[in-house]
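Architecture at a glance
Read off the chains here:
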Amino acid sequence: MSYFVVGYFAFLVLGSVLSAHFNRRTPFLLLFSLTLVSFVLGIVGGTDMLRMVAIGAGLLAFAAGVSYSFREFLIVIAPVGVGKELKTAPLTAAFGMFVVFTYIIAAIFAPVIAPYGEAEVISSAYAPADENMLLGADQLGRDMFSRIVYGARNTVGLALAATISAFLIGALAGLLAATKGGWFDQFMGRVADVIMSIPSLIFALLMLSIFGPKTIVIIVAVAIIYSPRVFRLTRAVAGNVVVMDYIEAAKLRGERTWYLIRKEILPNSMAPLIAEFGLEFCFVFLLVAGLSFLGLGIQPPTADWGSMVRENATLISFGDITPLIPAGAIALLTVAVNFVVDWMLFRSSGLKER
Amino acid sequence: MKTEKQMMLDRLADAARRGSVSRRSFMACATAAGVTATAATGLWTSSARAAPARGGTFRVGIHDNNSSDTHDPGTYLSIQHIFLAHTHRSYLTLVNTDQTLGPDIAAEWTSTPDATEWTFKLRDNVTFHSGKKMTADDVIASMNHHRGEDSTSAAKPQLADVVDIVKDDDYTVTFKMAAGNADLPWTLTDYHLCICPANDDGTIDWQSGDGTGPYKIVDGEFGIGFQLARHEDWHLDGAYFDAVEMIALGDPNARQTALVTGDVDAISAIDLKTMALLSRDPNLVIYNVPSGSAITMPMHTNVAPYDNVDVRNALKLAMDRQECIEKIFFGAATVGNDFHHSPALPYWPDDIPQREYDPDQAKALLKKAGAEGLSISISSTESIFSGAVDMAVLYAEQAKAAGIDIKVVREPNDGYYSDVWLKKPYCMVRWGARPTPDVMYTLAYKADAPWNESLWQNDRFNELLLIAKSELDNGLRAEMYREMAMLARDDGGTLIPLFPNFVYASRSNVKTGDGLAASWEMDGCRAASRWWFEG
Amino acid sequence: MGDILGLVLKRLGLGLVTLFVISIIIFFMVELLPGDIAQAVLGQGATPENLAALRQQMGLDTPAPLRYLGWLAGAVTGDFGTSVVTGERVTSVIGERFQRTLFLAAYAAVIAVPISIALGVIVALLRNSIFDRVANVLTLTSISSPEFFLGYILVLYLAVKTNWFPAISSVSDDMTFWDLLNRTFLPALTLVLVVMAHMMRMTRAAIINLLASPYIEMARLKGTPPWKVIVRHALPNAWAPIINVVALNLAYLITGVVLVEVVFVYPGIGQALVDAVSKRDFPIVQACCLIFAATFILLNLAADVGAILTNPRLRHPK
């Protein structure tokens, strides 16, 4: 039995005993169940498995710690009202905010953070990681870490711009259609039908082939493809709200359309829209990555995560983790955004029970 | 007890049987072990050339497919087309596995001394899959498909010099040329020029998919795959497999996975990134064959600054070809020397010094030309070849050392060859393999050629091109091509960094002959009739 | 029920108009593509003279609007014309491929829809528990890597390393149904993973959105158990957005399979469509897009009818 195993279990047992002694229920349950799980896995998988469990638990604890400190930090620096709201945020949401914050910093200060330029060739192909290159080099000998950092700027910027435009167009049209009804509703519905009925990948393929794979074309194409989805959802949700009695009442009061949308319909349709935003954001990533799979996405040498996955995707069949790094960056952001979205959804639903 | 020498020879013979050692290294090892060259040759023949076994279904994954392909030879373009054509149809002549010219349907050929009339004697035992005998009429109709006003064939330029094709008797045809062309038999290996059954009105029936090749089509669809069965009356030796199954595998990962799991026996291209990793698998054999295709970077020689030969040569010196081969092609390319004549082609001059990366000399040349701190742009796009833009970026980085500022312009994929090539003064191009240097030089380097991509005008070069074309003495031709290569290298406007190799792979139970034809992937696309399964 | 029948008829009529508009858009987008069909067919090796000959042979020298009208005249009589490149009938080119694509989509839908709605209800019930979080993270991770990459990973673990399923899904007509299911399992699973997260999360969101409504509060105060509150009271009113998102994802399954088909070499319609675009083969592109569009319109209609049937207030608009 190695020192590691002895020390590991000693730490867990001591922790459980202490938390039990001081009547801390949650930490005790956590620590003790971890101890039991470690026992079982240690017997089945030996020291190596135990080490992996320890690393996993350590990472989780670290993430929790970071999220907790970050939340406290936000509460301290935020104005009083916002601070109060933040106190209700669960740790997952704090974690999401932390990740999003990190990505934003990376995106804004990319040239400062990245040690090398995104297209700068500094070593041989696939050079392993060393003190100069945190994640090693890619096939041209460019620094992987620098490209990931620049990728944050290009990928997140593009996806965000496209998603926001899609939401502005779609939600506004949807709310107007639901409120106004009549021929406007019909007309917008038909326009949305036409756009949505054209297969999105083919539509993007045609658009990009015609106008060339420029960033602005990608944003416009993606916004056009996704706005009808937002429109339909908004229309459906707002449609259910519009038939509510309080809207009838407001209409009888003689309120104007814009007031109805802003004060009555939007707040009551917000929750599904927010949930949709988080997901749409991921789908935009997917679509852009899919386009680069067909050779039409963001063009090299600009770094973006989708193309970085594609360029090295075949390596995964040999257990090489190179493509997992940008894929992981996408996954982490997606999960983080949706954690935050979940919390906002929870708040806006007006649900007080936990 | 065996001597050490005997054991070594046994191991070598074993390796030869498995096919894991090339003939050249076998000979080197065997002679090093003290065997005479003649004895080593005998040993190689007896171990490696054990009679190929017949049988089995050869399943091959093809990388370049299009669902709207057809059997019309005039529209042949994809590797799916070319592989299928060499499997179910035949040609007049073919490229042997040692890169020499060999007979296919034509048993022998002769020409007049000025090379303006070529007579081909056809085999009399060639039959179509339908059972019909092949005669001179079928050959003439098949060639005429690519000639004349109404022809829409992409191979029209190759036969532009042919004035008439005459039937001498049922098994003899004569090609009459406008000017002497010593390369006509080579030209006839072009993948478009296959033989289809003739209709009564002199057109061909390409629609039925009938042919005279080693395998006949049983079923299939372009873009998905084809099942073929052996044509028992085929006129050549080979066709060891009982059946051939072509599967369209466009995705590099799917292709490679199918090979690793044994779902196919061979694939026509591999992802170069994973070449090193794939070669570690003992069940696979990877073939890395120098080809006749080329990457060129033409500069318009009539436009400043490219009208100055020193600037052109400085730009040629500013490229580190080895780094490009290593990083963009992962070693699977042959270094270029700025003349469009690959080592895989006949008459290749092997004694011309290689141009190396030399930023200092480039700087000196620029100074001489009064063009220090040169700033230019180069056009490229991903559709030329995978990594084309990366290569331009790499070149720009390398040229910085020579004080040259190169801006990489990323052009749209679609319409690159109609809007950029021949229009922008400095761009990147990929050329497919042509059978002989004459065809290549005539297409893209002749002064008045429509595709003279560098607009290069060199009187001596053009004069030599014409003389060499009708020269039947191989030694004299080789000398002329050497002089032309030197002219193109030192005066021409085209930077030729490298010739990409064909890289394909098979399971190790698939055996090949002594060499691999370099005209196309998969042994000149004749793998189906040339390879076999280990017995 | 009469008014619903009327609505269906009206919507079908509108659907035809939509298809007509789409056919115009697609035709002119294909026209706008740089280069033309003759150039695409002959490739880099084209010379001006054989380009001209091919254009004439393909009938490209008539003006575009005339060619569109010619196509339209055939289309209204059910004749979608012949491929410009191969001269084959469009129906024979895409018929079988479309059936295969439909089969794959149905396979994935049969797995994905029940599982994701059930999961959605469960996580709404157990909201904010550890189960909710884990389900959330897993589904989000599965949709946040590009689908081709997801496919590669599935192939690596379920085909190359374990040999449980075949790595490529080439299918033939003489396969048994069981064989077919086994062969196409990996692409179907990829599609399931891609669409599940969206449907599950929308189900969850729609239900949670209703939990603050007075009538739910009422049911809860009466002492109804939480699962009954959700299944009996919240779910029926949440159907509208759920059906909507299911319809969207079903449409995605049929039209969005291009990449998955490429990764698994499944001979469906996706690859044919991409090839047709690269060759500018207008009748094929047109027919594919119209089939996709028609599928989408029908699914949509079904979703709207479903939404109306589940919400009495919409059934009788004031």
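What you see as residue numbers is a count from 1 along each chain, following the sequence as written. Labels are handed out in written order, letters beginning with A for the chains and numbers beginning with 1 for the ligands. The predicted origin of the model limits local features to residues at a pLDDT of at least 70 and limits the giving and counting of side-chain atom pairs to 80 or more, whereas totals for whole chains, interfaces and linings rest on all residues.

1. Here's the deal with the overall build of chain A
Secondary structure elements follow DSSP: runs of H or I no shorter than four residues count as helices, runs of E no shorter than two count as strands, and numbering proceeds from the N terminus. Across its full length, chain A carries 13 helices and zero strands. Going from the N terminus to the C terminus, chain A shows its helices and strands as α-α-α-α-α-α-α-α-α-α-α-α-α. Oriented by its inertia axes, the alpha-carbon framework of chain A measures out at about 80 × 60 × 40 Å. Exposed residues have 12 or fewer other C-beta atoms within 10 Å of their own C-beta, buried residues have 20 or more, and partly exposed residues fall in between, where C-beta atoms are placed from the backbone. For chain A, buried positions account for 47% of its 354 residues.

2. Focus: the domain arrangement of chain A
Each domain of chain A was delimited in the assignment, giving domain 1 (3-87) and domain 2 (151-349). Taking the mean C-alpha position of each, domain 1 of chain A and domain 2 of chain A sit 37 Å from one another. Throughout, the edges of the domains are those of an automatic or database domain assignment.

3. Observations concerning the interface of chain C and chain A
Interface size is commonly expressed as the accessible area that is lost once the parts come together. By the convention adopted here, residues make contact when the C-beta atoms placed from their backbones lie within 7 Å. Between chain C and chain A, the residue contacts involve 53 residues of the former and 48 residues of the latter. Each residue belonging to the side of chain C that touches chain A can be placed in one class, and the counts come to 36 nonpolar, 13 polar and four charged. In this classification, Asp, Glu, Lys and Arg are treated as charged, Ala, Val, Leu, Ile, Met, Phe, Trp, Tyr, Cys and Pro as nonpolar, and every other residue, Gly included, as polar.

4. Quick look at helix α5 (residues 90-125) of chain C
Helix span, as expected, comes to 1.5 Å for every residue beyond the first. Helix length check: α5 of chain C, at 36 residues, gives a terminal C-alpha distance of 50 Å against a target of 52 Å (1.5 Å per residue), a fit within 8%. Note on bend: the value at a residue is the angle between axes fitted to the seven residues ending there and to the seven starting there. Where α5 of chain C bends most, at Ala109 of chain C, the angle is about 30°.

5. Overview of the domain arrangement of chain C
Residues and elements named next belong to chain C. Domain assignment breaks chain C into domain 1 (2-76) and domain 2 (95-315). Taken over C-alpha atoms, the centre of domain 1 sits 31 Å from the centre of domain 2. At the level of secondary structure, the elements contributing two or more residues to the side of domain 1 that touches domain 2 comprise α1 (2-32) and α2 (37-42). No other element matches α1, which puts eleven residues into the side of domain 1 that touches domain 2. A per-class count over the side of domain 1 that touches domain 2 returns twelve nonpolar, three polar and two charged.

6. What about helix α7 (residues 147-160) of chain C?
Taking 1.5 Å of rise per residue, the 14 residues of α7 of chain C would be expected to cover 20 Å, and the 18 Å separating its terminal C-alpha atoms lies within 8% of that figure. For α7 of chain C, every residue scored as buried is listed here: Glu147, Phe148, Phe149, Leu150, Gly151, Tyr152, Leu154, Val155 and Ala159 of chain C.

7. So, the interface of chain C and chain B
Facing 37 residues of chain C, the contacting portion of chain B comprises 33 residues. Of all the secondary-structure elements, those providing two or more residues to the side of chain C that touches chain B are α2, α3 (48-58), α7, α12 (258-264) and α13 (269-278) of chain C. By residue class, the composition of the side of chain C that touches chain B is 22 nonpolar, twelve polar and three charged.

8. Some thoughts on the sheet that holds strand β6 (residues 162-169) of chain B
Residue and element names in this part refer to chain B. Between any two strands, pairing holds if DSSP finds at least two bridges. One open sheet holds the four strands; their spatial order is β4-β5-β7-β6, and the pairing between them is antiparallel. Bordering the open sheet on either side are β4 (106-111) and β6, each of which pairs with just one other strand. The mean angle between the axes of side-by-side strands here comes to 20°, regardless of whether they run parallel or antiparallel. Lines fitted to the C-alpha atoms define the axes, with helices restricted to the stretch that makes contact. Angles between their N-to-C directions range from 0 to 180 degrees. Its contacts with the sheet put helix α5 (residues 136-144) on β5 (117-122), β6 and β7 (172-177), and the angle it makes with β6 is roughly 170°.

9. Things to note about the pairing of β5 of chain B
Within a regular beta strand, the side chains point alternately toward one face of the sheet and then the other, so they alternate between its two faces. Residues and elements named next belong to chain B. Of the two faces of β5, only one is covered, namely that formed by Trp118, Phe120 and Leu122; the face formed by Glu117, Thr119 and Lys121 stays uncovered. Two strands pair when backbone bridges link them, and β4 and β5 are joined in this way by five bridges, in the antiparallel orientation. Residue pairing across strands places Glu108 opposite Lys121, the latter belonging to β5. Hairpin geometry of β4 and β5 is characterised by an intervening segment of five residues between the two adjacent antiparallel strands and by a positive phi of about 60° at Ala115. In this sheet, β7 lies alongside β5 in antiparallel orientation, the contact comprising five bridges. Counted as the bridge partner of Glu117 is Lys176 from β7.

10. Some points on the confidence of the model for chain C
All names here are of chain C. Taken as a whole, chain C shows an average pLDDT of 80; of its residues, 94% reach a score of 70 or greater. You can read pLDDT as the predictor saying how much it trusts each residue, on a scale of 0 to 100. Looking across chain C, the model is least confident in helix α15 (residues 312-315), with a mean pLDDT of 60, and most confident in α5, with 87. Taken over the whole predicted complex, pTM reads 0.80, whereas the ipTM for its chain interfaces reads 0.76.

11. Re the packing of α5 of chain C against α13 of chain C
All names here are of chain C. Two numbers describe how α5 lies on α13: the axes approach to 8 Å, and their chain directions differ by 135°. One finds that α5 runs oblique with respect to α13. Between α5, through Val93, Ile94, Arg97, Phe98 and Thr101, and α13, the contact on the second element is made entirely by Ile269, Gly270 and Ala272. The class makeup of the residues in the contact of α5 with α13 is five nonpolar, two polar and one charged. When describing relative orientation, an angle under 35 degrees is termed roughly parallel and one over 145 degrees roughly antiparallel, while 65 to 115 degrees is termed roughly perpendicular and anything else oblique.

12. What to know about the nonpolar core
By size, the foremost hydrophobic cluster in this structure holds 352 residues, and its most contacted members are Val222 of chain A together with Ile207 of chain C. In this structure Ile207 of chain C touches Val121, Ala124, Ile230, Ala234, Leu235 and Ala238 of chain C, once residues within four positions along its chain are discounted. To count as a nonpolar core, a set of buried Ala, Val, Leu, Ile, Met, Phe, Trp, Tyr and Cys residues must be joined through C-beta atoms within 7 Å.

13. A short note on the environment of Gly61 of chain B
Residue and element names in this part refer to chain B. Looking at the secondary structure, you find Gly61 in strand β1 (residues 57-62). With 184 residues separating them along the chain, Gly61 and Glu245 place their C-alpha atoms 8.6 Å apart. Not counting the four nearest positions on each side in its chain, Gly61 is found in contact with Ile247, Leu249, Arg255, Ala258, Leu259, Val264, Ile267 and Ser268.

14. Section: unusual backbone geometry
Residue and element names in this part refer to chain B. Of the consecutive residues Ala304 and Pro305, the connecting peptide bond is found in the cis state with omega at 0°. Checked against the element boundaries, Pro305 lands in the loop between β13 (294-298) and α9 (309-317). At Gln99, a residue that is not glycine, the phi angle is positive and equals roughly 70°. If you trace the backbone, Gln99 turns up in the loop between β2 (93-95) and β3 (101-103). Of note, the phi angle at Asp338 is positive, near 70°, even though the residue is not glycine. By secondary structure assignment, the location of Asp338 is in the loop between β14 (333-335) and α11 (359-369). The buried category is assigned to Asp338, around which 26 C-beta atoms lie within 10 Å.

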